[in-house]
Amino acid sequence: MASSWTPLHAKIHRTLRSRSLLPKHESILIALSGGQDSLCLAQLLIDLRDRWNWHLAIAHCDHRWRADSQANADHIATLAQSWNLPFYLKTADSPPPNEASAREWRYAQLQSIEGFHTIVTGHTASDRAETLLFNLIRGSGADGLSSLNWTRQLTPTVKLVRPLLEIMRSQTAEFCRDRNLPIWQDSTNNDLAYARNRIRQELLPSLKHNFNAQVESHLAQTMELLSAEVEYLETVASEFYETAIDITSQSLDRTILRKIPLAIQRRVIRQFLMRSLNFNPNFEQVEKCVGLITAPNRSRTDPFIEKTIAEVNADQIQLKSLD
Ligand SMILES: Nc1ncnc2c1ncn2[C@@H]1O[C@H](COP(=O)(O)OP(=O)(O)OP(=O)(O)O)[C@@H](O)[C@H]1O
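The structure displayed is predicted, hence computed values, not measured ones.

The rules we used
Residues numbered from 1 in each chain as written. Predicted model: local features only at pLDDT ≥ 70, side-chain atom pairs only at ≥ 80, totals over all residues. UniProt positions renumbered as here; feature names shortened; annotations may be inferred. Helix = DSSP H or I, 4+ residues; strand = E, 2+ residues; numbered from the N terminus. Contact = placed C-beta atoms within 7 Å. Near = placed C-beta within 6 Å. Nonpolar A, V, L, I, M, F, W, Y, C, P; charged D, E, K, R; others polar. Buried ≥ 20, exposed ≤ 12 C-beta atoms within 10 Å, placed from the backbone. Pairing = 2+ DSSP bridges. Right-handed = clockwise from strand over helix to strand, strands pointing away.

Some points on the UniProt feature "binding site: ATP" (unreviewed entry) in the protein
Within the UniProt annotation, "binding site: ATP" (unreviewed entry) is assigned to Ser33, Gly34, Gly35, Gln36, Asp37 and Ser38. Relative to the elements of secondary structure, glycine 34 occurs in the loop between β1 (27–31) and α2 (36–52). In this fold, glycine 35 is placed in the loop between β1 and α2. Contact partners of glycine 35, with chain neighbours within four places excluded, come to Ile183, Trp184 and Asp186.

Here's what the structure looks like:
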């Protein structure tokens, strides 16, 4: 192992330790697409395994999207065998209709594999830069701009960890080249019909060339800063939510909300709508409900879902069904 120890190993080792991302003796499921990022991640974790006493396994999800998807799955199975690691393959009954449902299906499959409390993916700093631009263009708040975090709780017992968030895609490519790792080229990565591919292949190179050579790492850093701030704001908002909410009457106390800054009011209202109605409100819906904090008695919003509205009832903002 000593001969293959590189600055990248040292960096990941330090990151894992300082951020307490992957505990010693943990059973870790590596989500492997076959692309350079997850391949690099798998090899790094294998190289570091003895220092951390991890139990590693590989999982691949075949969406059956491309003609070569079965060949891709076979390729990964062979790789897992050569690494001497357990391999789990999940194959879709029918190809998911779009990216979002593919992702949802993929995470559900990964979570369903028993014996693992930790799943790791190969998301990189470059993914962070692209995601930030993608969401900025769509008009996102700080939450969307910081959506790729180091960890995310998938279920009460299963955590997603992204150890490569400080590594650029150019570094994972170099690592795979140096180690002769057999990258599976995903043909859809070159399809410019996808906005994300245009960001990667057109927008970022243009920003790099015309504005700042370091744009990719600067954007990734911005996301890192925003993530910490969003986490803090969400915690503060949760505390106010807990004091303002009356669960039985599904209402919020306006006198508490009036005393807090607009940024926190918006977050409390969003948490209120998400938790009570189990849906993700858009900007306008949140703003209308925020307006009720100071509105006259009996003011109300438009229906959110299933004819449910929010209405001012004296000092309360109350959810009410119009049926
Ligand atoms: N088919 C797959 N099987 C297993 N793991 C996968 C698969 N596709 C992607 N992954 C994992 O997810 C990581 C990110 O992949 P990619 O950027 O293509 O997905 P994404 O849909 O943008 O990700 P996410 O939905 O998690 O933000 C990969 O590095 C890999 O770890």
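There's more to say after this.
Structural notes on the site of the ligand
Taken together, 14 residues lie around the ligand, and Ala31, Ser33, Ser38, Thr121 and Gly122 are the ones closest in. For the shell around the ligand, the elements supplying multiple residues, two or more each, are α2, β2 (55–62) and α4 (99–112). Top element by residues in the shell around the ligand is β2. It accounts for three residues. A class-by-class count of the residues in the shell around the ligand yields four nonpolar, six polar and four charged.

Digging into unusual backbone geometry
Located in the positive-phi region is asparagine 84, a residue other than glycine, with phi close to 65°. Of note, asparagine 84 is situated in the loop between α3 (69–83) and β3 (87–91). Among the residues examined, asparagine 84 registers 8 C-beta atoms within 10 Å and is labelled exposed. Phi is positive for glutamine 250, close to 50°, though the residue is something other than glycine. Under the C-beta neighbour-count criterion, glutamine 250 is labelled partly exposed, with 18 such atoms within 10 Å.

Concerning the pairing of β3
Here is the key point about a regular strand: its side chains alternate between the two faces of the sheet. As paired elements, β2 and β3 share five bridges and run parallel to each other. Bridge assignment links alanine 59 to a residue of β3, and that residue is tyrosine 88. After leaving β2, the chain enters α3 and then returns to the sheet as β3, a path that is right-handed.

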